[in-house]
Amino acid sequence: MAKKKAKTRKNPANKTSKFTFKLNRQQKVVLGSFLMLFGLALLVAFISFLFNWQADQSSLDHLANRQIESKNWLSKFGAVISDFFIYQGFGIAAFVISFLIGLTGVYLFFNFKRSNLQKFWFWGVLVMIWLSLFFGFFAEENPLLGGRIGYEINDYLQDYLGFFGTVLLMTFLFMVYLTLRLKVTPELIGSYVKKSKKDFQSEFDKKSGGDISETEEEKDWKEEVILKKQKAEEESASEIKLETVTPEEKKATPTVTPAPKKEQNDEVEMEVETPPEEDEVEDNLSKKLVSDFGEFDPTLELSNYKFPTLDLLKDYGGGITVNQQELEENKNRIVETLRNYKIEIAQIKATVGPTVTLYEIVPEAGIRISKIKNLEDDIALSLSALGIRIIAPIPGKGTIGIEVPNKNSTIVSMRSVIASPKFQNAEMELPMALGKTISNETFVVDLAKMPHMLMAGATGQGKSVGLNAILTSLLYSKHPAEVKFVLVDPKKVELTLFNKIERHYLAKLPDTEEAIITDNTKVIHTLNSLCTEMDNRYEMLKNAMVRNLKEYNVKFKNRKLNPEDGHHFLPYIVLVVDEFADLIMTAGKEVETPIARLAQLARAVGIHLIIATQRPSVNVITGIIKANFPARIAFRVTSKIDSRTILDSQGADQLIGRGDMLFTQGSEMKRLQCAFVDTPEVDKITEFIGSQKAYPDAHLLPAYEGEDNGTGVDIDVSERDKLFREAAEVIVTAQQGSASLLQRKLKLGYNRAGRIIDQLEAAGIVGPFEGSKARQVLITDLAALDQLLNE
Ligand SMILES: Nc1ncnc2c1ncn2[C@@H]1O[C@H](COP(=O)(O)OP(=O)(O)OP(=O)(O)O)[C@@H](O)[C@H]1O
């Protein structure tokens, strides 16, 4: 039993070796010793053949005649086999064969790892052919050196490549051997030459030094110096040794396990067989596909697509101008105001941004931070400026920040942020260049990481420009195959420009005219369709055994997923909703529920949401929405309450408008000046894209089957799920009509549980869909259920 087990156990060390047939240890020893001796015999026969080949020519013709003797040390066998390998074969290069056969014997006999052997054979045979060609070329008249093969190859090459061509080819092959097999590189030769030069020099020095007689004193001094030098060298060597060797030793220690002592009385010898590793067919297939066709390129269909150029964006010119006088005045006022309240400042520093200047102050020891914070309005009054914001303390800096708006603000052009290396070199999935920070650095974030964003701001403060800036960033960085937008614009005027890129970048419901959604019912349909798309994508991810869209696409590009199984490259989908408040007011739960579902689940499948609203009140941005939108942008809002709703802290009410904004992604809050992109610029960009070759249609989302005609009341009884009854019992017992309950209790996938719920609704067991609440259960107990189902 134990033996059997041991036999089937794999030895990971031998994973790489692949054999076509299996030998046990005894067989290996027998075959190994045979091959070793056979290799030796060949060697003897070959050597002997070199001396006797002419004399043995006649014996070759009369093999059967026992009267005719052969001079070869291995007689007729030796003569025949040598003639075969040397004269008819590779010439003296055939010695390599005897070596390879002998070596194979050694490997088998001592049970060495065979991957090295394969290398020996591969390179051995190549060397043999090369040598044969070499001798065939340079010693054509001596058939023993190049053999027939050398002669023929040389003849063939001379016909096609000529004399020089053949020499060049041989030289090239020689270099290939030196580089790939012997790992000889020009650097190595260089260092070798240097070393031998040094050796030569020192030898020379020694010799010439010996001639000149040194005084005893000089000798002593030299010896001393040499000794010191040696000592220092030894020391430094031992130091280096300590550094380099220790980790290796450390690494080796835990893995070294003492080899089991061989039993002296080995009565029962256990044999461990290592079955060959089976190749993973799929993996092999994908590797083959990749090697044949290269990685899948999703951009191939629009391979001539040209990204919009920078000159489509306007340069609003001029960087930040520092007004020394203004800075000085502001500084004095801040210091004075604080002094009036007995707050002394130890240090003050100003950083000039595009719209605001940050004055960082370090108060004298013992000053309470809250005291400064409370002086916000007083400082604003003394500076007679709006939009003062006090950050006390600035996280991670240990200073207090006072942001004061500049008299003349600078426009941050979209062009400058798109052209910045930060954006151009951003290794992000969905990079968005939002604008510039207070220290005038371009601020780029990844929407894929956020994973959803909420944007609020009173009217005219820069929301639409902000949305355009985000969309522009994505247009400048992503190919139409990689990202699709679903645009919801109840105002009907803000996003219409993007209609031009419908067949490049937009996604829409099938059988709809316009890709940009302006109508409330269509919004509901589209949101539900996105939920279906999300579920479908989850199913695909599950089948592909990956966790997120990025991994899925990598796997698909590597041709590890078969398109015939329904797999295809998945673009990111960015849903942009402008005027969310308007939607919620008119459609309420019908919009909130799918938005909440998408926000909760869609991140892994590459669906990201950007929602903008004028009115960030609590009935618009509900708890569930807020909880799922960690990234928030606030433009200027009208009240502290609005600021709290959107940012969970005040500050947005202190902004100065025109793209001045606060951005938070959870913890830290950043003040930014939003990049400005004007409508004509967006027009030019969409025109540039729209005039290029496009896909036949916009990206189609799954068709939405409305509740009235879809999940319908008339689901065929015969189409009920096998677990229908069981599910009904679970629901009735728990008196809770939720799909997730079924998922947990019956261990089902989301889709199946959802379908069962629909069937339960059709059977009148649960009530209709009620948004985020669980459905009402219409049957009170199991008896009633039995009665209903048996009817
Ligand atoms: N980043 C910015 N830089 C400079 N000016 C800006 C910026 N953003 C907005 N503005 C100015 O503010 C004006 C209004 O901006 P925008 O149309 O984006 O406001 P909004 O918040 O979308 O308003 P509404 O909610 O009424 O649509 C713009 O026309 C522009 O002049």
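What you are looking at is a predicted structure, and each value in this text was computed from that prediction instead of being measured. (Residues numbered from 1 in each chain as written. Predicted model: local features only at pLDDT ≥ 70, side-chain atom pairs only at ≥ 80, totals over all residues. Heavy atoms only, no water.)

### Re the sheet that holds strand β7 (residues 453-456)
Pairing in this open sheet of nine strands is mixed, and the strands run β6-β5-β14-β13-β12-β7-β11-β10-β8 from one edge to the other. The open sheet has two edge strands with one neighbour each: β6 (442-446) and β8 (483-488). Each strand of the sheet is rotated relative to its neighbour by a mean of 30°, with strand direction disregarded. Inspection of the sheet shows strand β10 (residues 572-577) paired to strand β11 (residues 607-613) by five bridges, in the parallel sense. Looking across to β11, one finds that Ile573 is bridged to Ile607. The sheet contacts of helix α16 (residues 463-477) involve β5 (431-437), β7, β8, β10, β11 and β14 (669-674), and relative to β5 the element is tilted by about 130°. The sheet strands contacting helix α21 (residues 589-601) are β10 and β11, and the helix crosses β11 at an angle near 130°. (Pairing = 2+ DSSP bridges. Helix = DSSP H or I, 4+ residues; strand = E, 2+ residues; numbered from the N terminus. Axes fitted to C-alpha atoms, helices over the stretch in contact; angles between N-to-C directions. Contact = heavy atoms within 4.5 Å.)

### A few points about the UniProt feature "binding site: ATP" (unreviewed entry) in the chain
Within this structure's numbering, the places UniProt gives as "binding site: ATP" (unreviewed entry) are Gly457, Ala458, Thr459, Gly460, Gln461, Gly462, Lys463 and Ser464. Its relative accessible area of 13% is what places Ala458 among the buried residues. Residues contacting Ala458, with those up to four places away along its chain left out, are Lys463, Gln614, Arg636, Val637 and Thr638. Lys463 gets classed as buried once you look at its relative accessible area, which sits at 5%. Setting aside residues up to four positions removed in sequence, Lys463 forms contacts with Met455, Ala456, Gly457, Ala458, Glu579, Ala612, Thr613, Gln614 and Phe635. (UniProt positions renumbered as here; feature names shortened; annotations may be inferred. Buried < 20%, exposed > 50% of the residue type's maximum accessible area, 1.4 Å probe, protein only.)

### Observations concerning the layout of surface pockets
A probe matching the size of a water molecule, rolled over the atoms, marks out where space remains unfilled. Its volume calculated, the second largest pocket comes out at about 700 Å³. Lining the second largest pocket are 31 residues, with Arg389, Ile391, Ile394, Glu403 and Met669 positioned closest to its centre. Mapped by element, the contributors of at least two residues to the lining of the second largest pocket are β1 (345-352), β2 (356-363), β3 (389-391), β6 and β14. Class assignment of the residues belonging to the lining of the second largest pocket gives a composition of ten nonpolar, eight polar and 13 charged. Summarising the domain contributions, the lining of the second largest pocket has at least three residues from each of domain 2 (324-405) and domain 3 (431-700). (1 Å grid on protein atoms, 1.4 Å probe; cavity = no way out; pocket = protein on both sides within 12 Å on 5 of 7 lines; lining within 4 Å. Points joined across faces, edges and corners; volume = space filled by probe spheres on them. Nonpolar A, V, L, I, M, F, W, Y, C, P; charged D, E, K, R; others polar. Domains from an automatic or database assignment.)

### Section: the site of the ligand
Around the ligand, a shell composed of 18 residues is seen, among which Thr459, Gly460, Lys463, Ser464 and Lys491 lie nearest. Gln614 is positioned such that a nitrogen or oxygen atom in its side chain is 3.1 Å from an oxygen atom of the ligand. The backbone of Cys674 places a nitrogen or oxygen atom 2.8 Å from a nitrogen atom of the ligand. Here the ligand loses 78% of its free accessible area of 620 Å² to cover by the protein chains. If you list the elements that add at least two residues to the shell around the ligand, you get α16 and β14. Ranked by residues supplied to the shell around the ligand, first place goes to α16 with three residues. For the shell around the ligand, the per-class residue count stands at five nonpolar, eight polar and five charged. (Near = heavy atom within 4 Å. Polar contact = N/O pair within 3.5 Å; in protein donor to acceptor, adjacent residues only side chain to side chain. Areas by Shrake-Rupley, 256 points an atom, 1.4 Å probe, with all protein chains shown as cover.)

### A look at the sheet that holds β1
Taken in spatial order, the four strands make up an open sheet running β1-β2-β4-β3, and their pairing is antiparallel. At either margin of the open sheet sits one strand with a lone partner, and together these are β1 and β3. Each strand axis lies, on average, 20° off the axis of its neighbour in the sheet, ignoring direction. For β2 and strand β4 (residues 400-405), the ladder comprises six bridges, and the chain directions are antiparallel. Bridge pairing in β4 places Leu358 opposite Glu403. Where helix α11 (residues 324-340) meets the sheet, it contacts β1, β2 and β4, and its direction lies at approximately 40° from that of β2.

### As for the packing of aromatic side chains
Counted by the stated rule, this structure contains 19 aromatic pairs. Arranged with centres 6.1 Å apart and planes meeting at 65°, the rings of Phe46 and Phe85 form a pair that is edge-to-face. In this pair, Phe46 sits in helix α2 (residues 25-52) while Phe85 sits in helix α4 (residues 75-90), placing the two residues 39 residues apart along the sequence. Exposure remark for Phe46: the relative accessible area of 0% places this residue in the buried category. Given the relative accessible area of 16%, Phe85 is considered buried. With a centroid separation of 5.6 Å and 80° between ring planes, the pair formed by Phe46 and Phe95 is classed as edge-to-face. Placement of the pair is Phe46 in helix α2 and Phe95 in helix α5 (residues 95-110), with a sequence separation of 49 residues. Three or more aromatic residues joined by ring pairs form one cluster here, namely Trp130, Phe134, Phe135, Phe137, Phe138, Phe163, Phe164 and Phe174. (Phe/Tyr/Trp six-rings, centres within 6.5 Å; stacked < 30°, edge-to-face > 60°.)

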